[in-house]
Amino acid sequence: MPRLTQGALAALIDHTLLKPEASSNDIKKLCAEALNFGFASVCIQPFRVRLAADLLRNSPIKVCTVVGFPLGANCSHVKAVETETAIAEGATEIDMVMNLGAFKEGDNETVENDIRAVVQAANGQTVKVILESASLSDTEIVRACNLVIQGGAHFVKTSSGFGVGGARVEHVRLMREAVGETFGVKASGGIRDKQTLINMVQAGANRIGTSSGVSLLSDGVVEGGY
């Protein structure tokens, strides 16, 4: 594993602001921080995609937004329309929530088709699938990872940050084992200090979702947040 310098850690972070009360000024601040620190992306509400895309135009910072968020229970065609709209407005990455109800029932076909509908609508842009791993057994995590691969997505992601729990090192390690070395694994939910971030990366995450990126890169421990 390469040395985890400040810059290398920053380049793994999706700088996240998904609070429903987030204002346009909050988004402007988020984008300025992403540019200053060299984060991988900003992850924002769909409503704010156009603003973020304008602010980050001609920069290497990606614009990530969420689909079927936070429950994942939208119909697939609705998720597809959400995705198409987001891409048209400037999003370059989509974090979709898996249909957890269908998954828990063992309806693998519905889950896989749901993922594929978003992948097709994303038209080549990166799609990450949120599993809500804290709600799954180890066996279910492996099954979910396989469905994400079969659906054509590019990342598995632990958590929405709005579910029953956040990222766990043991789940990230299991997800990495399930998807192999080259597939994307995003850890998110409860990552609020640098050591936790490092632990997630060492377990196999190659992207980190957090609203605490600025603080944790300064060795801070942040209370609350995504």
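Reading the values: the criteria
- Residues numbered from 1 in each chain as written.
- Predicted model: local features only at pLDDT ≥ 70, side-chain atom pairs only at ≥ 80, totals over all residues.
- Heavy atoms only, no water.
- Helix = DSSP H or I, 4+ residues; strand = E, 2+ residues; numbered from the N terminus.
- Buried < 20%, exposed > 50% of the residue type's maximum accessible area, 1.4 Å probe, protein only.
- Contact = heavy atoms within 4.5 Å.
- Areas by Shrake-Rupley, 256 points an atom, 1.4 Å probe, with all protein chains shown as cover.
- Pairing = 2+ DSSP bridges.
- Axes fitted to C-alpha atoms, helices over the stretch in contact; angles between N-to-C directions.
- Core = buried A, V, L, I, M, F, W, Y, C linked by side-chain atoms within 4.5 Å.
- Polar contact = N/O pair within 3.5 Å; in protein donor to acceptor, adjacent residues only side chain to side chain.
- Disulfide = S-S within 2.5 Å.
- Parallel < 35°, antiparallel > 145°, perpendicular 65-115°, else oblique.
- Left-handed = near helix turned anticlockwise from the far one by under 90°.
- Nonpolar A, V, L, I, M, F, W, Y, C, P; charged D, E, K, R; others polar.

Trainee: Can you lay out the overall build of the chain for me, pointing to particular residues and giving the numbers?
Mentor: The helix and strand inventory of the chain stands at 10 helices and 8 strands. The principal-axis extent of the C-alpha atoms belonging to the chain is close to 45 × 35 × 30 Å. Burial analysis of the chain (226 residues in total) assigns 50% to the buried set. Contacts spanning at least 24 positions in sequence make up 67% of the contacts within the chain whose residues lie at least 6 apart. Entry remark: accessible area of the chain is about 9700 Å², with carbon and sulfur atoms responsible for 50%.

Trainee: Which residues make up the sheet that holds strand β6 (residues 155-157), and what values do they have?
Mentor: Strand-to-strand pairing in sheets goes through backbone hydrogen bonds, with the strands running parallel or antiparallel. In spatial order, the strands read β1-β2-β3-β4-β5-β6-β7-β8; together these 8 strands close into a barrel with parallel pairing. Between one strand and the next, the sheet's axes are offset by a mean angle of 25 degrees, whatever the strand orientation. Bridge count for strand β1 (residues 13-17) against strand β2 (residues 41-44) is 4 bridges, and the pairing is parallel. If you follow L17 over to β2, its bridge partner there is I44. On the sheet, helix α2 (residues 24-37) packs against β1 and β2 and is oriented at approximately 165 degrees with respect to β1. Against the sheet, helix α6 (residues 108-122) makes contact with β3 (62-67), β4 (93-97) and β5 (126-130), and its axis sits at roughly 165 degrees relative to β4, the strand it touches most.

Trainee: Pulling in residues and values, what's your account of the nonpolar core?
Mentor: V127, V129, L131, V156 and I208 are the most contacted members of the largest nonpolar core, which totals 61 residues. The residues touching I208, leaving out its near neighbours within four places in the chain, are L12, I13, D14, K186, A187, I191, L197, M200 and V201.

Trainee: Outline the side chain of T16, supporting the account with residue identities and numerical values.
Mentor: Here T16 is to be found in strand β1. Given the relative accessible area of 2%, T16 is considered buried. A polar side-chain atom of T16 sits 2.7 Å from the main-chain carbonyl oxygen of D14.

Trainee: Got a sec to walk through the state of the cysteines? Specific residues and values, please.
Mentor: Scanning all chains against the criterion turns up 0 disulfides. C43 provides the cysteine sulfur closest to C31, a residue in no disulfide bond, and the two sulfurs are 12 Å apart.

Trainee: Mind laying out helix α8 (residues 169-179), listing which residues take part and the relevant values?
Mentor: H171, V172, L174, M175, R176 and V179 are the residues of α8 that are buried. Of the residues trailing α8, G180 is marked for its positive phi of about 90 degrees.

Trainee: So what's going on with the packing of α8 against helix α9 (residues 194-203)? Which residues, and what values?
Mentor: Running from amino to carboxyl end, α8 crosses α9 at an angle of 25 degrees, the nearest separation of the two axes being 8 Å. In terms of orientation, α8 and α9 fall into the roughly parallel class. The way α8 lies across α9 gives a crossing that is right-handed. In this structure, α8 contributes V169, V172, R173 and R176 to the contact, and α9 contributes N199, M200 and A203. Counted by class, the contact of α8 with α9 contains 4 nonpolar, 1 polar and 2 charged residues.

Trainee: So, the environment of V129: which residues are in play, and what are the values?
Mentor: Here V129 lies in strand β5. Overall, the relative accessible area of 0% leaves V129 in the buried class. The spatial distance from the C-alpha of V129 to the C-alpha of A144 is 9.4 Å, given a sequence separation of 15 residues. When residues no more than four places from it in sequence are discounted, the contact partners of V129 are M96, M98, I115, V148, A153, F155, V156 and K157.

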